[in-house]
Amino acid sequence: MMMQAQLHCLCLFTLYLTTGYGQEGKFSGPLKPMTFSIFEGQGPSQIIFQFKASPLAVTFKLTGETDDIFQIQPDGLLYHNKALDRETRAVHKLQVSALDAHGNTVEGPVPITIEVKDINDNRPVFLQPKYEGSVRQNSRPGKPFMYVNATDLDDPATPNGQLIYQIIMQLPKVNNVMYFQINNKTGAISLTREGSQELDPLKNPFYNLVVSVEDMGGQKEHSFSDSTSVDITVKENIWKAPEPVEIEENSTNPYPIKITQVQWNDPGALYSLVDKEKPSKFPFLIDQEGDIYVTQPLDREEKDAYVFYAVAKDEHGKPLAFPLQIQVKVKDINDNPPTCPSTVTVLEVQENEQIGSSIGTLIAHDMDEENTVNSVLRYRIVDQTPKVPRDGLFLVQTYLGTFQLAVQSLRKRDTPQYNLTVEVSDKDFKTLCFVQINIIDINDQIPIFEKPDYGNLTLPEDTAIGTVILTIQATDADEPHTGSSKILYRITQGDSEGRLEIETDPETNTGYVKVKKPLDFEAVAVHNIVFQAENPEPLVLGVQYNASSSATFRLTVTDVNEAPQFSQQVYQAKVSEDVAKGTKVGNVTAKDPEGLDISYSLRGDKRGWLKIDPVTGEIFSVAPLDREAESLYRVQVVATEVGGASLSSTAQLHLTLMDVNDNPPRLAKEYTGLFFCYPPKAPESLIFEATDDDQQSFRGRHFTFSLGSESLQKDWEVSKINGIILAVVFFQIKKNKGQRNVESAQASEVKPLRN
């Protein structure tokens, strides 16, 4: 026993050395409440603390949740002799008392708390070795449809118990695209965007995932992991647009009436309807079961179809998927009677129409749906007024409403008008419409002239244009004021050049023959005119115009002496101003209508520059021309007939003179009365401006200036300021010469020279 005690003391002494036992304040101190934190898993015989008591105490006592792990030595040394396990007990509640030699407590008991600190000594474990779930195609990406869960006995408040989930395999994996994703913290599995778009139970109804979980927040070096298998069944998406719905209009069934249904893939969706047209009234609603109702009777004639959308949202108001289009067609019933196009439909028929001829069509309307039995109309004549020469003169095609002549051709003298009552009916309703048929006279009568020959008429050739020279008249027995009786006159012979015209009075059919163009004795002295009277409406078959519709007239034109006529009123000519005397500069021509010879002369040649050959009309220069004096020379040319009344006419000659360089430069103005005084207060100058009477093309763009004598050049200086078009000359006093008269210097010495 003695040997064991000595060995135990030796071990404790060694322990004291390795733990720093005896260092006051760090590992030892008075008996008082204390808390110690110790990592689990450490080896046995680990000193915790050395308690010191009053001198009366000779030993210490340890009680509480020791679990045969914690012990205390008589000298107050607290230690544990086994490794701690946080998962078995995370906190040990102990009490330490100080005893005297008789075992009485002199201090304490004092509470001592031992907190066991966690180490990562447990791996995460999935709650199930295999999970099964299902998802519908087109489900919203990111919305969880199942969860996987794992547990870890380590402290969740430390990284040791922080778990990270990850999908490490997806089978099948189409085009290397992940259709599924997992929340790495919660284990929630949802679809990716690609999965929401591409999952199809007809292609791949089943998928398998391998999901892993790691502790230590996914720090690979010291973490533990586990994995599980997840089987996912892909179900068909039931969020689909329903088939188009037909609703009979004006239904008398009690409302609301269920017409169709939509359903989200999962329960709990919130449904609503949206109409992009935003009508004033929207006769549909949806309940929270997805049932869609019509709330009131519909009228197809008001609106024959509706298109709106069903929307499903989650509890937060976010759409779960794309809206579904709902199509509603309003089914027609026969609730509208036929209507007439107008109060009276007016048609016309010529009196010579053949039996079976189409007269016209009555087009009634029905607001019910087209191309259905509800809008098919039937026509029937129920009355004819008057019934002369007999009843039943007309028939109407049952389904087209087209009227035809049924029995015989009509005559206007029997009656000018018929009134028909027509019954228009669909399968349930009847309406009476009224048709008026007017009988139109046919063009079976030709115009007849009141006389076949309008005799002879002699007119001078200068008769004024617009003069009425003759009145003609024809009559027509057809109905007045119609195209059948209106008469149009035309000249068919004797006026090939169109010198005459005929205007017709629309009320009386009187024709007025007028002069349209000047008469010309020299061209045609006698016109043998043939008039033709016709109707604008074509004649009926078998009727033709004959000699009664024609008339003749003889027009004799007498000669009038007329003045010669120039070939043009203004003659243009162009010559250089320096042409020699006798140069031909132009030519004019004129003719006399009576063929007399012509003599030419000039009028207005105020400068005496020109002469004209009286026979040929050639014009020559007779003096030097000067563009600077007159650049456009205007004279009159006179043509006078030789013999007869010596009538004459005039034309204009415009002669343009082209410039030549025939003018020297000169000063632009007179410079007189200008003086410089000596002594000058400052350098003084005078500007001289030069010009040239020729056109700019000859003047060029520069002038050169110089002083005429050497004496002036000693006293004065010439400088060019602007050499583009004009030049400027500066005179500046260089020596004391007293008062100088600038005028004399300018006049006699300054010589501007053209460059």
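Residues numbered from 1 in each chain as written. Predicted model: local features only at pLDDT ≥ 70, side-chain atom pairs only at ≥ 80, totals over all residues. Heavy atoms only, no water.

## Some thoughts on the overall build of the chain
Regarding its fold elements, the chain presents 5 helices and 54 strands. Across the 755 residues that make up the chain, the buried fraction comes to 39%. For the chain, restricting intrachain contacts to residue pairs at least 6 apart in sequence, the fraction spanning at least 24 positions comes to 67%. (Helix = DSSP H or I, 4+ residues; strand = E, 2+ residues; numbered from the N terminus. Buried < 20%, exposed > 50% of the residue type's maximum accessible area, 1.4 Å probe, protein only. Contact = heavy atoms within 4.5 Å.)

## A few points about the side chain of N336
Take N336: it is sitting in the loop between β24 (324–331) and β25 (345–350). Looking at N336, its side chain comes within polar contact range of the side chain of D335, at 2.8 Å. A polar atom in the side chain of N336 sits 3.0 Å from the side chain of D368. In this structure, N336 is in contact with E301, D366, M367, D368, D426 and F429, ignoring residues within four places of it in sequence. (Polar contact = N/O pair within 3.5 Å; in protein donor to acceptor, adjacent residues only side chain to side chain.)

## Looking at the sheet that holds strand β21 (residues 284–286)
One open sheet accounts for 3 strands, arranged β19-β22-β21; its pairing is antiparallel. Every interior strand has two partners, whereas the edge strands, β19 (257–261) and β21, have only one. Direction aside, the axes of adjacent strands within the sheet are offset by 30° on average. In this structure, β19 lies alongside strand β22 (residues 291–294), joined through 4 bridges in antiparallel fashion. (Pairing = 2+ DSSP bridges. Axes fitted to C-alpha atoms, helices over the stretch in contact; angles between N-to-C directions.)

## Things to note about the state of the cysteines
On inspection of all chains with the given rule, the structure shows 1 disulfide. Two residues share a disulfide in this structure: C340 and C433, whose sulfurs sit 1.9 Å from each other. With the S-S bond torsion at -95°, the cross-link from C340 to C433 turns out left-handed. In this pair, C340 is assigned in the loop between β24 and β25 and C433 in strand β31 (residues 430–440), connecting sequence segments 93 residues apart. (Disulfide = S-S within 2.5 Å.)

## Here we look at unusual backbone geometry
The step from G108 to P109 runs through a cis peptide bond, and the omega angle for that step is 0°. Checked against the element boundaries, P109 lands in strand β8 (residues 105–117). Of note, the amide linkage connecting V388 to P389 takes the cis form, showing an omega dihedral of -5°. Mapped onto the elements of the fold, P389 is located in the loop between β27 (378–385) and β28 (394–396). Of note in the backbone geometry, N175 takes a positive phi value of approximately 55° without being a glycine. For N175, the location among the structural elements is in the loop between β13 (164–171) and β14 (180–182). Residue N509 is not a glycine yet carries a positive backbone phi of 60°. Residue placement: N509 occurs in the loop between β36 (500–504) and β37 (510–515). For N509, a relative accessible area of 12% corresponds to the buried category.

## Side note on a nonpolar patch on the surface
Together, V344, V346, V382, L432 and F434 make up an exposed nonpolar region whose accessible area comes to about 410 Å². Counting through the fold element by element, F434 comes out in strand β31. Take F434: its relative accessible area is 41%, and that puts it in the partly exposed class. (Patch = residues over 30% accessible without salt bridge, like charges linked within 9 Å, V, L, I, M, F, W, Y side chains within 5 Å. Areas by Shrake-Rupley, 256 points an atom, 1.4 Å probe, with all protein chains shown as cover. Salt bridge = Lys/Arg side-chain N within 4 Å of Asp/Glu carboxyl O.)

## Comments concerning the sheet that holds strand β30 (residues 417–425)
Read from one edge of the open sheet, 4 strands run β25-β31-β30-β27, paired in mixed fashion. Taken across any chain shown, the strands that pair with only one partner, and hence form the sheet edges, are β25 and β27. For this sheet, the mean inter-axis angle between neighbouring strands, taken without regard to orientation, is 30°. Inspection of the sheet shows β25 paired to β31 by 6 bridges, in the parallel sense. Looking across to β31, one finds that V346 is bridged to Q436.

## Concerning the packing of aromatic side chains
Taken as a whole, this structure holds 19 aromatic pairs when the rule is applied. Plain terms: the ring middles of W239 and W264 are 5.9 Å apart, the flat faces sit at 75° to each other, and that makes the pair edge-to-face. Placement of W239 in the loop between β17 (225–235) and β18 (245–248) and of W264 in the loop between β19 and β20 (270–274) is noted, with a sequence separation of 25 residues between them. Residue classification places W264 among the buried positions, given a relative accessible area of 3%. An aromatic cluster of three or more residues is present, and its members are F145, Y179, F180 and Y207. Its guanidinium or amino end placed over the ring of Y309, K276 lies 5.0 Å from that ring's centre, counting from NZ or CZ. (Phe/Tyr/Trp six-rings, centres within 6.5 Å; stacked < 30°, edge-to-face > 60°. Lys NZ or Arg CZ within 6 Å of the ring centre and 35° of its normal.)

## Topic: the pairing of strand β2 (residues 34–39)
Two faces belong to every sheet, and in a regular strand the side chains alternate between them. A one-sided burial pattern is seen for β2, the buried positions being M34, F36 and I38 and the unburied ones T35, S37 and F39. Where β2 and β8 come together, 6 bridges link them in parallel fashion. Within the sheet, the bridge partner assigned to I38 lies in β8 and is V116.

## Some words on the environment of F70
Within the element layout of this structure, F70 appears in strand β5 (residues 70–72). Residue F70 is classed as buried on the basis of its relative accessible area, which comes to 3%. As a C-alpha pair, F70 and I114 span 44 residues in sequence and 9.7 Å in three-dimensional space. Residues within four places of F70 in sequence aside, it is in contact with I48, L62, E65, Y79, H80, L84, H92, L94 and I114.

## Describing the pattern of salt bridges
In this structure the tally under the stated criterion is 27 salt bridges. Between R89 and D67 there is a salt bridge, and its shortest N-O distance comes to 2.9 Å. Here the residue R89 occupies a position in the loop between β6 (77–80) and β7 (91–99), and D67 occupies one in the loop between β4 (59–64) and β5, the gap between them amounting to 22 residues. Assessed through its relative accessible area of 28%, R89 is described here as partly exposed. Its salt-bridge partner being R380, residue E423 comes within 3.3 Å of it at the nearest N-O pair. Of this pair, E423 sits in strand β30 while R380 sits in strand β27; the two residues are 43 residues apart in sequence, bridging distant segments of the chain. Note on R380: relative accessible area 46%, which makes it partly exposed.

## A few points about the nonpolar core
Within the largest apolar cluster, 24 residues are counted, with the highest numbers of intra-cluster contacts made by W239, V262, F284 and V328. Counting residues per element, the ones that place at least two in this core are β18, β20, β21, β22, β23 (305–313) and β24. If sequence neighbours within four positions are ignored, V328 has contacts with V245, I247, I259, F284, D304, A305, Y306 and F308. Counting 23 residues, the second-largest nonpolar core is a separate cluster that includes V585, V588, A590 and I612. (Core = buried A, V, L, I, M, F, W, Y, C linked by side-chain atoms within 4.5 Å.)

## A word on the side chain of T431
Along the polypeptide, T431 turns up in strand β31. The class for T431 is buried, based on a relative accessible area of 18%. A distance of 2.7 Å separates the side chain of T431 from the backbone oxygen of P338, its partner in a polar contact. Those residues within four positions of T431 in sequence are excluded, and the remaining contacts are P337, P338, C340, V422, E423 and V424.

## A closer look at the confidence of the model for the chain
Confidence in the prediction of the chain, expressed as mean pLDDT, is 85, and 86% of residues score 70 or more. Contacts of residues 1–25 to residues separated by more than four positions or lying in other chains number 19 contacts, the stretch itself having pLDDT below 50. Low pLDDT (under 50) marks residues 723–755, which in the prediction has 115 contacts with non-local residues, meaning those over four places away or in another chain. (pLDDT = per-residue confidence, 0-100.)

## Here we look at the environment of Y399
Turning to its location among the elements, Y399 is positioned in the loop between β28 and β29 (402–405). Along the primary structure Y399 and V376 are separated by 23 residues, whereas in three dimensions their C-alpha atoms are 7.8 Å apart. Non-local contacts of Y399, meaning those with residues more than four positions away in its chain, are made with V376, L377, R378 and Y379. Of the polar contacts made by the side chain of Y399, one reaches the side chain of R378; its length is 2.5 Å.

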